[in-house]
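An overview of the molecular structure
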Amino acid sequence: MLPPSAKLYLARALYDWCIDHGLTPYVSAKVEGASVPRGYDQDGVIVLNLGPEATNRFAFESDGISFQARFGGKVFDVWLPAENVLAIYARETGHGIALPDEMFTAPEPDGEPTPPEGPEEKPSGKRGGGFLRVVK
């Protein structure tokens, strides 16, 4: 499991990969709680073109994705909270990554990530301690 803050890092990496390879990045996101134009969603999910030709003032922010885009000839300010992002992929190939909520754990109240459940594994080997060693 990953912390919720990892979602936008993964999305940004795929976005950059698409742009670097001349592909068009698309995002799939939940509309509830997002600022998106109504009527462009299907079953509460919207798919948006994030390409530089389709957006203005595009930014990955600390808690979501923001940009301006035209819908029906009118400029609209779009805001996608990080938790709404479901997937990001290249339109031309379909290559990308799904980012379902199940991949991410909620942080503890003190901000620390939730530890994984199950028995704690101890290192096996003759030397107690870590798994890494310094190689010179």
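The residue numbers shown here count from 1 along each chain, following its written sequence. At least 70 in pLDDT is required for a residue's local features to be given in this predicted model, at least 80 for side-chain atom pairs to be given and counted, and no such filter applies to totals for whole chains, interfaces and linings, which use all residues. By convention in this description, side-chain values take in all heavy atoms of the structure and omit both hydrogens and water.

1. Let's talk about the pattern of salt bridges
Put simply, a salt bridge is a Lys or Arg side-chain nitrogen that is within 4 Å of an Asp or Glu carboxyl oxygen. Applying the stated criterion across every chain, the model contains four salt bridges. As a salt-bridge pair, Lys30 and Asp101 come within 3.1 Å of each other at their nearest N and O atoms. Residue Lys30 is located in strand 1 (residues 25-30), and its partner Asp101 is located in the segment after strand 7 (96-98); the two are separated by 71 residues in the primary sequence. Only protein chains enter the accessibility calculation, which uses a 1.4 Å probe. A residue is then buried if its area is under 20% of the maximum for its type, exposed if over 50%, and partly exposed in between. When its relative accessible area of 26% is taken as the criterion, Lys30 is described as partly exposed. In this structure, Glu92 engages Arg91 in a salt bridge whose closest nitrogen and oxygen atoms are separated by 3.3 Å. Connected through shared salt-bridge partners, Lys7, Lys30 and Asp101 make up one network. What counts as a helix is a DSSP run of H or I of at least four residues, what counts as a strand is a run of E of at least two, and both are numbered from the N terminus.

2. Remarks on the nonpolar core
Most often, soluble globular proteins have nonpolar side chains that are buried together. Counting 25 residues, the largest nonpolar core has Val36, Leu48, Ile65, Phe67, Val78 and Leu80 as the members making the most contacts within it. At the level of secondary structure, the elements contributing two or more residues to this core comprise helix 1 (6-20), strand 1, strand 2 (45-49), strand 4 (64-71), strand 5 (74-81) and strand 6 (85-90). In terms of residue count, the dominant contributor to this core is helix 1 (five residues). What is meant by a nonpolar core is a set of buried Ala, Val, Leu, Ile, Met, Phe, Trp, Tyr and Cys residues, joined one to another through side-chain atoms within 4.5 Å.

3. Some points on the packing of aromatic side chains
Each Phe, Tyr or Trp ring, with Trp reduced to its six-membered ring, pairs with another whose centre is within 6.5 Å; inter-plane angles below 30 degrees give stacked pairs, above 60 give edge-to-face pairs, and intermediate values give tilted ones. If you walk through the whole model with that rule in mind, you get seven aromatic pairs. Ring geometry for Tyr15 versus Phe58: centroids 4.7 Å apart, planes at 10°, classification stacked. Taken together, the residues Tyr15 in helix 1 and Phe58 in strand 3 (residues 56-61) connect sequence positions 43 residues apart. Of the aromatic side chains, those joined through ring pairs into one cluster are Tyr15, Phe58, Phe60 and Phe67.

4. Some details on the sheet that holds strand 6
Strand pairing in a sheet takes place through backbone hydrogen bonds and is either antiparallel or parallel in direction. Spatially, four strands are ordered 2-1-6-7 in an open sheet, and the strand pairing comes out antiparallel. Here the strands that pair on one side only, and so sit at the sheet edges, are strand 2 and strand 7. Between one strand axis and the next, the sheet turns through 15° on average, direction left out of account. We call two residues contacting when some pair of their heavy atoms lies within 4.5 Å. An axis is simply a line fitted to the C-alpha atoms; with a helix, the fit covers only the stretch in contact. Between two such axes, the angle follows the N-to-C directions and lies from 0 to 180 degrees. Each of strand 1, strand 6 and strand 7 is contacted by helix 1, which is oriented at about 15° to strand 6, the strand it contacts most. Strands were regarded as paired on the criterion that DSSP finds at least two bridges between them.

5. Concerning the environment of Leu86
Structurally, the position occupied by Leu86 is in strand 6. C-alpha separation for the pair Leu86 and Ala29, spaced 57 residues apart in sequence, amounts to 5.1 Å.

6. Quick notes on the pairing of strand 1
Taking burial as the measure, the six residues of strand 1 include five buried ones, the bulk of the element. Across five bridges, the pairing between strand 1 and strand 6 is antiparallel. What sits directly across from Ala29, in strand 6, is Val85. Here strand 1 pairs with strand 2 via five bridges, running antiparallel. Bridged to Val27 within strand 2 is Leu48.

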